[in-house]
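Take a look at the letters that make up each chain.
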Amino acid sequence: MTMLRLATTLLLSTALLSPALAHAQDAAPPADGTPPAPATDPAVDAPAEEAPQDEPIEVSIPGGEIVVTGQRDRNIQRAAPQVVSVLGTAEIARTGEGNIAGALGRVTGLSVVGNGYVYVRGLGDRYSLALLNGSPLPSPEPLKRVVPLDLFPSSIIASSLVQKSYSVNYPGEFGGGVINLTTKSVPSEGFVTFGVGGAWDTETTNQLGYTYYGSSTDWTGFDNGQRDLTSGLQAYFASGERLSAGGIDAGELAKGIVNTRNGLTQRIPNMPANGSMTLSAGKSFELGGSTLGVIATAGYSNKWITRDITSQTSFADQLDTLQTDFRRVVTDNRIVANGMLGMALEFGRNKIKWTNLYIRDTQKNTRVSLGNANQTSVDIQQQETAWFERQLIDTQLLAELKPADGLSVDLRGAFANSQREAPYELGFEYVRTNVAADPLGDLFVNNLDGNAGQATVSFSDLNEDLWSGGVDVSYKFSPSLTGTIGYAYADYTRNSSRRDFQWRAINLPDGVNTLRPDYLLSNAVIDAFNVQLVDTNEGFPAFLATLKNHAAYAKIDAQISDSLQLDAGVRFEKGNMVVGPTQVFADIPAGEAQTRLNNDYWLPAATLTWQLRDDMQMRFNASKTIARPQFRELIFQFYFDPDTNRTFRGNPNLQDSTLTNAEARYEWYFARDQRFSVSGFFKRIDKPVETFVIIEADNPITSFANAPSADLYGAEFELQKYFDLSDWGGMWSARRGVLVANYTYTKSKLRVNAGDTTSYFQAASSRALDYFDNGAPLTGQSEHIANVQIGLEDTDKLSQQTFLISYASKRVFSRGLLNTAQPDVVEDPGLRIDFVARQGFDLFKKQVELKFEARNITGRRHIEFQQSGANRVEINSYDVGRTFAISASMTF
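Residues numbered from 1 in each chain as written. Predicted model: local features only at pLDDT ≥ 70, side-chain atom pairs only at ≥ 80, totals over all residues. Heavy atoms only, no water.

Engineer: Before we go on, may I ask you to explain the overall build of the chain in this structure?
Structural biologist: Per the secondary structure count, the chain includes nine helices and 43 strands. Counting over 892 residues, the chain shows a buried share of 58%. A separation of at least 24 residues holds for 73% of the contacts in the chain among residues at least 6 apart in sequence. Here the chain has roughly 33,600 Å² of accessible surface; of this, 57% comes from carbon and sulfur atoms. (Helix = DSSP H or I, 4+ residues; strand = E, 2+ residues; numbered from the N terminus. Buried < 20%, exposed > 50% of the residue type's maximum accessible area, 1.4 Å probe, protein only. Contact = heavy atoms within 4.5 Å. Areas by Shrake-Rupley, 256 points an atom, 1.4 Å probe, with all protein chains shown as cover.)

Given below as structure tokens:
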């Protein structure tokens, strides 16, 4: 038995070095009487811990293949040489989440912040690495280089591997951990599955909301051309001239931008319900001595969300006065369309895979606000409409070759393109006159002068290409020693631009200044009253960013003795990042004011696994990793983020961060599919990038700088336990109880001492204590994170009923104002309870699955606030609806 364990562990640890396919085979039920795992989706590979007979586990990572043979060691988490968590098809399905970010939020130590950004052990998204089938991904977000994982529907993902201890086969930008998504692979049997679903949100569905027309095809997520630039704007953007130079007719340029389609908000008293559709199919074909498999998936979802937001700000140290106080009603219509086509050719012991992925995520945004600004009681009404298109195209080619016994060669190449377009972000502000003597009475007016009303429009565009490739060669020198060498290359190129404009007029007459937006900026009014368009961002409205990264690594996997296994190696990584403005105006030469980060790193890592007994082991890991600044953080220009309602500005003086990591973990696999683990971890971060907030022209600006250092430490606990209920007989004869629970305690603090310095572009002070407080926690880090899944399931057929409970304690969302006594802005995720039920049955000899979901059962609010004593400022707080959804799918 010891030799079987040894051989299996060696094979598994060798395989974890590269992109992989893991096969799991069931043996006879164990002697402890634990019932077999329930059946899973026949279309995809089964998960690591609930694999039916002969179903493989798909886990593609940088380097080779995982082949799990034998009942006892088919658990990847147990046999892998690193600290990993695997969400297979069954685990993802049990959560019922529509995107992979939601499912990952149930993993030990992970939390989802904002729009799909996954934090590992309290470290921000800048410290997380996301891969698809072992290859890097570009981001469609202007402020990020990390892809938001809510972009990936659960229906296209076969498994997700989360590795928290670093190994050198992964890129060096590995702070908290790596999240590797593996797309669905070719099934052993042909299938066609079709599904439909609908959902009701208590805060949105059949409630008041707002929208605007846009175009007749908005429901598809694709514009029909109505949002194309006007001919005047096209000519202006191509001219290279400055609007302020006077060579462009600013009056003519102002025409045609606002119309009834984009400038007129519509009040919808009864918002529609949400809906979705999915279609997937797969089949294998025998071609002589080879097998060709094909799989295709497609999905569409249309979702409405309305938020009634309290949005306040204060510049006062004790928060005793409000700078702004608004109530904003925001309605988002989010449309997601996705498709995937995969092909695999198997011949002998070799395999070639080609995967193609397309995701388009569109958000149609409408905001209506009423409130006060500048510490006055003057009523201000704001209206904003926007259209955000995010798109990801990815094509990957993987080859897993075994030219000789003990030798494996793995090749991978990929191209990915991400885009984000936001044409015609329109904003209008009207001010109530509030003057009794005013002949117009108590009306809202917009004089287009920036004081009593204004009108703005913005156009932003992002395009990022990513070419990546790699080769990994592994050779088994003996049953107890495997060596691997590898090379990886990634080339990122991002073009990003944002053009901001404002309409200006002088002395608009009464009556005209009360017109609704599409009339106020009609061609007739522009001509009659000499309305001009002003370019408010003539500094550096566009930039080009590149990152070229070459890496080589070598590692060994050695079974030192029957109880000790060592996985150790070193990675050399050379990264060259260049960020600078692109030539928009003819009077600014290209290549001006570039920021360059050209650094080399040696990154060692080692994990020692000590098998205490057959079902119990300990792991010890130590490593060094890095984190680079995001592209836009290096550009000294303003950028408004509509998701957080904040204005950002970069810092060209930012530097890379380095991390020293250590971890110890105890694991006990006390029965089949059941385990308990506890771990402790520590990270020392040198020069972490942190945010701070300053006031310029009465506006809060968020920027970035390197803090001297920070420490992060904590502990994790995880338990998975099944309870056999067959002794109860009757309807319980094939039932079992399920308990999956995890808890993470994380503590972090900045280390800032007298004499420490930092660097902020064009700042008078370099004293670190002027920007950061010693002992302050890292932004985005919750001290306590807990997840519990309690449910019932049938071991003979698909029947699951699961309560999902999650809790995250308060975390710093952003800093208070610089050089003040202001407290930080805090987000309070709190407790959330969901329920998911899945039931399978046969209908007309076809497999049917029904799913019911109840989300946010207790109605937990979204809360972001600042508090000083009894004074509390609600930064971004609103009610979150309870959601009830039902869906059905049929497999042919």
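Back to the text.
Engineer: Just to check I follow, could you spell out the confidence of the model for the chain for this structure?
Structural biologist: Any residue range with low pLDDT should be treated as having predicted coordinates unsuitable for detailed reading. Averaged over the chain, the pLDDT score is 86; the fraction of residues at 70 or greater is 89%. Confidence scores differ between elements of the chain, with strand S1 (residues 21-23) showing the lowest mean pLDDT of 31 and strand S11 (residues 209-212) the highest of 97. Scored below 50 in pLDDT, residues 65-73 makes 47 contacts in the model with residues more than four places away or belonging to other chains. (pLDDT = per-residue confidence, 0-100.)

Engineer: How should I be thinking about the sheet that holds strand S8 (residues 157-163) in this particular structure?
Structural biologist: Strand pairing in a sheet relies on backbone hydrogen bonds. The paired strands run either parallel or antiparallel. Reading across from one edge, S3-S8-S9-S6-S7 is the order of the five strands in this open sheet, with mixed pairing throughout. The sheet is open, and its two borders are formed by strand S3 (84-87) and strand S7 (135-136), each paired with just one other strand. Relative to S8, S3 runs antiparallel, the two being bridged by four bridges. In the sheet register, Val 84 faces S8, and the bridge partner there is Gln 163. (Pairing = 2+ DSSP bridges.)

Engineer: Teacher, can you tell me more about the pattern of salt bridges here?
Structural biologist: Where charged atoms from two side chains of opposite charge come close, those side chains can pair. Applying the stated criterion to the full structure yields 58 salt bridges. Residue Arg 242 pairs with Glu 538 through a salt bridge whose shortest N-O separation is 3.7 Å. Taken together, the residues Arg 242 in the loop between helix H5 (231-239) and helix H6 (250-253) and Glu 538 in the loop between strand S22 (532-535) and strand S23 (542-559) connect sequence positions 296 residues apart. Accessibility classification places Arg 242 together with Glu 538 in one group, the buried group. A salt bridge links Lys 255 to Asp 527, with the shortest nitrogen-to-oxygen separation between them at 2.7 Å. Taken together, the residues span a long stretch of sequence, with Lys 255 in the loop between H6 and helix H7 (260-263) and Asp 527 in helix H9 (residues 523-528) at a distance of 272 residues. You can call Lys 255 buried: its relative accessible area is 17%. When salt bridges with common partners are traced through the structure, they connect Glu 97, Arg 106, Arg 832, Asp 834, Lys 851, Glu 853 and Arg 855 into a single cluster. (Salt bridge = Lys/Arg side-chain N within 4 Å of Asp/Glu carboxyl O.)

Engineer: Even after reading the chapter, I still don't get the side chain of Gln 382, so can you show me in this structure?
Structural biologist: Secondary-structure assignment places Gln 382 in strand S17 (residues 380-404). Gln 382 sits in the buried class, given a relative accessible area of 14%. A distance of 3.0 Å separates a polar atom in the side chain of Gln 382 from a polar atom in the side chain of Glu 429. Those residues in contact with Gln 382, other than ones at most four positions away along the chain, are Phe 326, Arg 328, Arg 367, Val 368, Ser 369, Phe 428 and Glu 429. (Polar contact = N/O pair within 3.5 Å; in protein donor to acceptor, adjacent residues only side chain to side chain.)

Engineer: Mind showing me how you'd approach the pairing of strand S16 (residues 350-373) here?
Structural biologist: One face of the sheet, then the other: side chains in a regular strand alternate in exactly this way. Among the 24 residues of S16, 18 are classified as buried, and the element is accordingly described as predominantly covered. Sheet topology note: the strand S15 (residues 324-347)/S16 ladder contains 24 bridges and is antiparallel. The residue bridging Met 343 from the neighbouring strand is Trp 354, located in S16. As consecutive antiparallel partners, S15 and S16 are separated by two residues, and within that stretch Gly 348 has a phi angle of approximately 60°, a positive value.

Engineer: How do you make sense of the environment of Ala 79 when you look at a structure like this?
Structural biologist: Looking at the secondary structure, you find Ala 79 in helix H2 (residues 76-79). Taking C-alpha positions, Ala 79 is 9.9 Å from Thr 609, a pair spaced 530 residues apart along the chain.

Engineer: Just checking my understanding: could you explain the packing of aromatic side chains for this structure?
Structural biologist: The description of an aromatic ring pair uses the distance of the two centres, along with the angle that the planes make with each other. Tallied over the full model, the rule gives 22 aromatic pairs. Seen from their ring centres, Phe 459 and Phe 501 are 6.4 Å apart, and the 75° between their planes marks the pair as edge-to-face. Pair noted here: Phe 459 is in strand S20 (residues 454-478) and Phe 501 is in strand S21 (residues 481-504), with a separation of 42 residues, a long-range link. Relative accessible area serves as the criterion here: at 6%, Phe 459 is assigned to the buried category. Relative to Phe 852, the ring of Phe 835 has its centre 6.5 Å away and its plane inclined at 55°; by these criteria the two rings are tilted. Remark: Phe 852 occurs in strand S40 (residues 846-855) and Phe 835 occurs in strand S39 (residues 830-843); sequence separation between them is 17 residues. (Phe/Tyr/Trp six-rings, centres within 6.5 Å; stacked < 30°, edge-to-face > 60°.)

Engineer: Can you walk me through the sheet that holds strand S32 (residues 699-706) in this structure?
Structural biologist: With mixed pairing, the four strands of this open sheet are ordered in space as S27-S28-S32-S31. Here the strands that pair on one side only, and so sit at the sheet edges, are strand S27 (638-641) and strand S31 (689-696). Here the average twist between neighbouring strands, direction ignored, is 35°. Two strands pair when backbone bridges link them, and S27 and strand S28 (residues 646-649) are joined in this way by four bridges, in the antiparallel orientation. Pairing of Asp 641 across the sheet is with Arg 646, part of S28. (Axes fitted to C-alpha atoms, helices over the stretch in contact; angles between N-to-C directions.)

Engineer: When you look at the nonpolar core in this model, what are you seeing that I'm missing?
Structural biologist: Side chains of a nonpolar character, in soluble globular proteins, are inclined to be buried together. Of all hydrophobic cores here, the largest spans 31 residues; its most connected members are Ile 257, Leu 448, Val 457, Trp 503 and Leu 521. Contributions of two or more residues to this core are made by H5, H6, strand S18 (407-432), S20, S21 and H9. Among the elements that take part in this core, S18 stands out by supplying four residues, more than any other. Setting aside its immediate chain neighbours within four residues, Trp 503 contacts Ala 254, Ile 257, Val 258, Leu 426, Leu 448, Ala 455, Thr 456, Val 457, Leu 521, Val 531, Gln 532 and Leu 533. (Core = buried A, V, L, I, M, F, W, Y, C linked by side-chain atoms within 4.5 Å.)

Engineer: Before we go on, may I ask you to explain a nonpolar patch on the surface in this structure?
Structural biologist: A grouping of Val 192, Phe 194, Val 196, Met 277, Leu 279 and Phe 892 is seen on the molecular surface, where their side chains present a nonpolar patch of about 520 Å² in accessible area. Within the residue set of the nonpolar patch, elements represented by two or more residues are strand S10 (191-201) and strand S13 (274-287). By residue number, the principal contributor to the nonpolar patch is S10, which donates three residues. For Val 192, the position within the fold is in strand S10. (Patch = residues over 30% accessible without salt bridge, like charges linked within 9 Å, V, L, I, M, F, W, Y side chains within 5 Å.)

Engineer: Just to check I follow, could you spell out the side chain of Thr 625 for this structure?
Structural biologist: Residue position: Thr 625 is located in strand S26 (residues 616-627). On the basis of relative accessibility, which here comes to 0%, the residue Thr 625 falls in the buried class. Apart from the residues lying within four places of it in its own chain, the contact partners of Thr 625 are Tyr 166, Gly 172, Phe 174, Gly 175, Leu 603, Ser 657, Thr 658, Leu 659 and Asn 661.

Engineer: Honestly, the environment of Asp 656 in this entry has me stumped. Any pointers?
Structural biologist: If you trace the backbone, Asp 656 turns up in the loop between S28 and strand S29 (657-671). Owing to a relative accessible area of 9%, Asp 656 belongs among the buried residues under this scheme. Sequence-wise, Asp 656 and Ala 627 are 29 residues apart; in three dimensions their C-alpha atoms are separated by 5.9 Å. Leaving out residues up to four positions away in the same chain, Asp 656 has contacts with Leu 597, Asn 599, Tyr 601, Ala 627, Arg 628, Pro 629, Asp 686 and Lys 687. Looking at Asp 656, its side chain comes within polar contact range of the side chain of Asn 599, at 2.8 Å.

Engineer: Would you take a moment to explain unusual backbone geometry for this structure?
Structural biologist: Backbone geometry follows two general trends: most residues other than glycine have a negative phi, and most peptide bonds adopt the trans configuration. Residues other than glycine seldom take positive phi values, yet Leu 448 does so here, at roughly 55°. By the secondary structure assignment, Leu 448 is in the loop between strand S19 (444-445) and S20. In this structure, Asn 530 is a non-glycine residue whose phi angle is positive, near 55°. By secondary structure assignment, the location of Asn 530 is in the loop between H9 and S22.

Engineer: Where do I start with the environment of Ser 85 in this structure?
Structural biologist: With respect to the helices, strands and loops of the structure, Ser 85 is situated in strand S3. Ser 85 gets classed as buried once you look at its relative accessible area, which sits at 9%. Through-space distance from the C-alpha of Ser 85 to that of Thr 108 is 8.1 Å; in sequence the pair is 23 residues apart. With sequence-adjacent residues up to four places away left out, Ser 85 is seen in contact with Gln 77, Val 107, Ser 160, Leu 161, Val 162 and Lys 164.

Engineer: Would you take a moment to explain the pairing of strand S6 (residues 128-132) for this structure?
Structural biologist: The buried fraction of S6 is high, at five of five residues. Two strands pair when backbone bridges link them, and S6 and strand S9 (residues 177-183) are joined in this way by five bridges, in the parallel orientation. Along S9, the bridge assignment pairs Leu 129 with Val 178. The hairpin formed by S6 and S7 contains two residues between the paired strands, and Asn 133 there has a positive phi angle of roughly 55°.

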